[in-house]
Amino acid sequence: MASTASHLTARPGPPLRGTVRAPGDKSISHRSMILGAVATGVTEVEGLLEGDDVLATARAAEAFGATVEKLGGGRWRVTGRGGFRTPAGVIDCGNAGTGVRLLMGAAAGYPISATFDGDASLRSRPMGRVTDHLTRMGATFDWSGKPGLLPATLTGGTLNAIDHVQTVASAQVKSAILLAGLNARGVTSVTEPEKSRDHTERMLRAFGAAVDVEEDGEGWVIRLQGGQPLTGTAVSVPGDPSSAAFPLAAGLIVPGSEVTVGGVMLNPLRTGLFDTWIEMGADLTIANRRVSGGEEVGDITARHSALKGVVVPENRAASMIDEYPILAATAAFAEGRTVMRGVGEMRVKESDRIRLMVDGLRACGVAVEEEPEGFIVTGAGEGGPVPGGATVHTAHDHRIAMSHLVLGLAAANAVTVDEPDMIATSFPGFVEMIRGLGGDVA
């Protein structure tokens, strides 16, 4: 969405109907650019998410020495030279938290120096959760301002493998360590107490690396031998389940609606929201299951449903950490309490997403209890519609904005969000998609 408006408003209206396609998965899009730049040879990418965050990563890949070409809608070619070179200028990652953390991991393994920076939001987000471990491996960081916050200059090369045990499953931390481990001496291992998304492991194998994964209770141990070269390959990016969640949520809460989103990734480590919705009583069906680009995909249909509150298992958080805002928005229409705990990581995303969802929902007349590591939404259920009628502050967070806009489609009164231009970071075309389904967003 190319919007320069200061606000967007969603109004209640008729049922939503239609079939749409989700944008390419953001996680895989970032990784296709980074691994393509690290590899030797050509990587052809189909279905790339052309949002602001991924485009920032594509520019970074080029700055590190790869040739990056756009061939057409969602079609890109990356020609890598077997590693990163010192960039000529600052690597501006915009608002891309995944991009900067994974790029730091990849760059740490090469004898280069690179300065990373971003927008005001990214500058406020903690980098130490990644850089502390890269420092253990042998990289150094010079912080221009407050330690742990961008901008920062990385000096890499001569890394040693580490054995890292995560206390909280994080795909970003795991991925940064594994990418650095590609050029470290020895075997790098990451132990996770709960399984986080495994796109890095899958894609490293597709690029020719040997990655060992061993089950360990509810989690697993991932091991990677250093010194493995990568070779360019073809990447087909499936539809992003995090983005598909927004039109599907609208289908669940707007009376009379039926919305289908095609080609959605069904990796079991990314479907926690769909599992939760089904437990809440959602009429959610999946058809045409198939494999695309090494991932299972399918077409998901959501029909208006009478939802009931649930207690979301805390061990599900890693599989749906980005989807709690839209879950909270749908929980506002459920009968009873939806309890979301063990999600403290939400506070260090693009914003403090717990605080912003609590504030936004309360402004819309929803009962919410805030906790340090979670929150509880008591839905309207049969007691009547969600009042709405608020202007919600988003702190420049795309998921906060889209979640409240979806809520506004089913509320009694319109809901407005500020700073709507940031939606393009993950979901260019969001407004047009909702309008195409019959939604009133302007």
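Scroll up a little and you will see the structure.
Notes on the structure follow. All figures in this text were calculated on a predicted structure; none of them were measured in a lab. (Residues numbered from 1 in each chain as written. Predicted model: local features only at pLDDT ≥ 70, side-chain atom pairs only at ≥ 80, totals over all residues. Heavy atoms only, no water.)

**Section: the sheet that holds strand 20 (residues 311-312)**
Consideration 1: The four strands are arranged 20-21-23-22 in an open sheet whose pairing can be described as mixed. The open sheet has two free edges, formed respectively by strand 20 and strand 22 (367-371), since each of these has just one partner strand.
Consideration 2: Direction of pairing for strand 21 (residues 335-341) relative to strand 23 (residues 374-380): antiparallel, over a ladder of seven bridges. Opposite Arg337, over in strand 23, you have Thr378 as the bridge partner. (Pairing = 2+ DSSP bridges. Helix = DSSP H or I, 4+ residues; strand = E, 2+ residues; numbered from the N terminus.)

**Notes on the sheet that holds strand 24 (residues 391-392)**
Consideration 1: Strand order in the open sheet formed by four strands is 24-25-1-26, with mixed pairing between adjacent strands. In this open sheet, the two edge strands, each paired with only one partner strand, are strand 24 and strand 26 (440-441).
Consideration 2: Inspection of the sheet shows strand 1 (residues 7-11) paired to strand 25 (residues 415-418) by four bridges, in the antiparallel sense. Each bridged residue has a counterpart across the sheet, and for Thr9 the counterpart in strand 25 is Thr416.

**A closer look at the packing of aromatic side chains**
Consideration 1: Counted according to the given criterion, the structure contains seven aromatic pairs.
Consideration 2: A ring pair is formed by Phe64 and Phe84, whose centres lie 4.3 Å apart and whose planes are at 10°; its orientation type is stacked. Remark: Phe84 occurs in the loop between strand 5 (75-81) and strand 6 (91-92) and Phe64 occurs in the loop between helix 2 (52-63) and strand 4 (67-72); sequence separation between them is 20 residues. Here Phe64 matches Phe84 in class, with each residue buried.
Consideration 3: Seen in terms of ring centroids, Phe64 and Phe116 are 6.2 Å apart; in terms of plane orientation they differ by 40°. Their pairing is tilted. Of this pair, Phe64 sits in the loop between helix 2 and strand 4 while Phe116 sits in strand 7 (residues 113-117), placing them 52 residues apart in sequence. For the pair Phe64 and Phe116, a shared accessibility class is recorded, and that class is buried.
Consideration 4: Site record: aromatic cluster; members linked through ring pairs are Phe64, Phe84, Tyr110 and Phe116. (Phe/Tyr/Trp six-rings, centres within 6.5 Å; stacked < 30°, edge-to-face > 60°. Buried < 20%, exposed > 50% of the residue type's maximum accessible area, 1.4 Å probe, protein only.)

**Remarks on unusual backbone geometry**
Consideration 1: Cis geometry is found at the peptide bond from Leu150 to Pro151, where omega equals 5°.
Consideration 2: Note on placement: Pro151 falls in the loop between strand 8 (140-143) and strand 9 (152-155).
Consideration 3: We note that Asn288 has phi near 55°; this positive angle belongs to a residue other than glycine.
Consideration 4: Mapped onto the elements of the fold, Asn288 is located in strand 18 (residues 283-292).
Consideration 5: Even without being glycine, His396 reaches a positive phi, approximately 60°.
Consideration 6: Considering the arrangement of structural elements, one finds His396 in the loop between strand 24 and helix 12 (398-410).

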